[in-house]
Amino acid sequence: MSTLEFFEKVMSIRERGSCAAVATVIRTKGSTPRETGAKMLIYPDGQIFGTIGGGCGEGEVIEKALIVMDRGIPLHHQVDLTEGLMYEDGGICGGIMDVFIEPVT
């Protein structure tokens, strides 16, 4: 996904008068799946374009994005990837991501 492609999708949503939400990683601490600045576009049906890392953390952000779209108010959400470090699958990164979620209208 290129930055241009991402923002073309955002502009298309605005031009159509649809709604969506943009989630941006604004701070990381420790080991996280994506860097600061990573973006994801979330549609009202839960579909996404882009990623902020996948897994349960991304699922949390999608749930919060649906609330942001409903209320039209941005929010800050902290994704704590330090919980469950003892899982056998090794899929937990062990860091924390702060994500800013804003409506696209």
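Every value quoted in this text rests on a predicted model; they were computed, and no experiment measured them.

## As for helix 2 (residues 55-71)
Between the first and last C-alpha of helix 2 there are 25 Å, a value that for 17 residues agrees with the 24 Å anticipated at 1.5 Å per step. Looking at the buried residues of helix 2, the elements they touch are strand 1 (20-29), strand 2 (39-42), strand 3 (48-50), strand 4 (75-80) and strand 5 (96-104).

## Digging into the pattern of salt bridges
One pass over the structure, following the stated rule, counts one salt bridge. Between Arg27 and Asp98 there is a salt bridge, with its nearest N and O atoms 2.7 Å apart. Residue Arg27 is found in strand 1, and its partner Asp98 is found in strand 5; the two are separated by 71 residues along the sequence. Arg27 gets classed as partly exposed once you look at its relative accessible area, which sits at 38%. Taking relative accessible area as the criterion, Asp98 reaches 6% and is therefore assigned buried.

## Here's the deal with the environment of Arg16
Turning to its location among the elements, Arg16 is positioned in helix 1 (residues 3-16). Judged by relative accessible area, which is 53%, Arg16 ranks as exposed. For the pair formed by Arg16 and Thr36, sequence separation is 20 residues and the distance between their alpha carbons is 29 Å. Looking at Arg16, its side chain comes within polar contact range of the side chain of Ser12, at 2.7 Å.

## Details of the sheet that holds strand 1
In spatial order, the strands read 3-2-1-5-4; together these five strands make up an open sheet with antiparallel pairing. Where the open sheet ends on each side, the last strands, each with one partner, are strand 3 and strand 4. Taken over all neighbouring pairs, the strand axes of this sheet differ in orientation by 25° on average, direction set aside. Where strand 2 and strand 3 come together, three bridges link them in antiparallel fashion. Its bridge partner being in strand 3, Ile42 is matched across the sheet by Ile48.

## Here's the deal with the UniProt feature "domain: XdhC- CoxI" (unreviewed entry) in the protein
The sites that carry the UniProt feature "domain: XdhC- CoxI" (unreviewed entry) are, in the present numbering, residues 14-74. With 33% helix and 28% strand, residues 14-74 has its two end C-alpha atoms placed 16 Å apart.

## As for the nonpolar core
Ala23, Met40, Ile42, Ile52, Val61, Val99 and Ile101 are the most contacted members of the largest nonpolar core, which has 17 residues in total. When residues of this core are traced back to their parent elements, those giving at least two are strand 1, strand 2, helix 2 and strand 5. Broken down by element, the residue count for this core peaks at five residues, all from helix 2. In this structure Met40 touches Phe6, Ala21, Val22, Ala23, Ile48, Phe49, Gly50, Thr51, Ile52, Glu58, Val61 and Ile62, once residues within four positions along its chain are discounted.

## A closer look at the environment of Arg14
Inspection of the secondary structure assignment puts Arg14 in helix 1. Spatially, the C-alpha atom of Arg14 lies 17 Å from that of Ala65, the residues being 51 residues apart in sequence. Ignoring sequence-local partners within four residues, the contact set of Arg14 consists of Val104 and Thr105.

Rules used throughout
- Residues numbered from 1 in each chain as written.
- Predicted model: local features only at pLDDT ≥ 70, side-chain atom pairs only at ≥ 80, totals over all residues.
- Heavy atoms only, no water.
- Helix = DSSP H or I, 4+ residues; strand = E, 2+ residues; numbered from the N terminus.
- Expected span 1.5 Å × (residues − 1).
- Contact = heavy atoms within 4.5 Å.
- Salt bridge = Lys/Arg side-chain N within 4 Å of Asp/Glu carboxyl O.
- Buried < 20%, exposed > 50% of the residue type's maximum accessible area, 1.4 Å probe, protein only.
- Polar contact = N/O pair within 3.5 Å; in protein donor to acceptor, adjacent residues only side chain to side chain.
- Pairing = 2+ DSSP bridges.
- Axes fitted to C-alpha atoms, helices over the stretch in contact; angles between N-to-C directions.
- UniProt positions renumbered as here; feature names shortened; annotations may be inferred.
- Core = buried A, V, L, I, M, F, W, Y, C linked by side-chain atoms within 4.5 Å.

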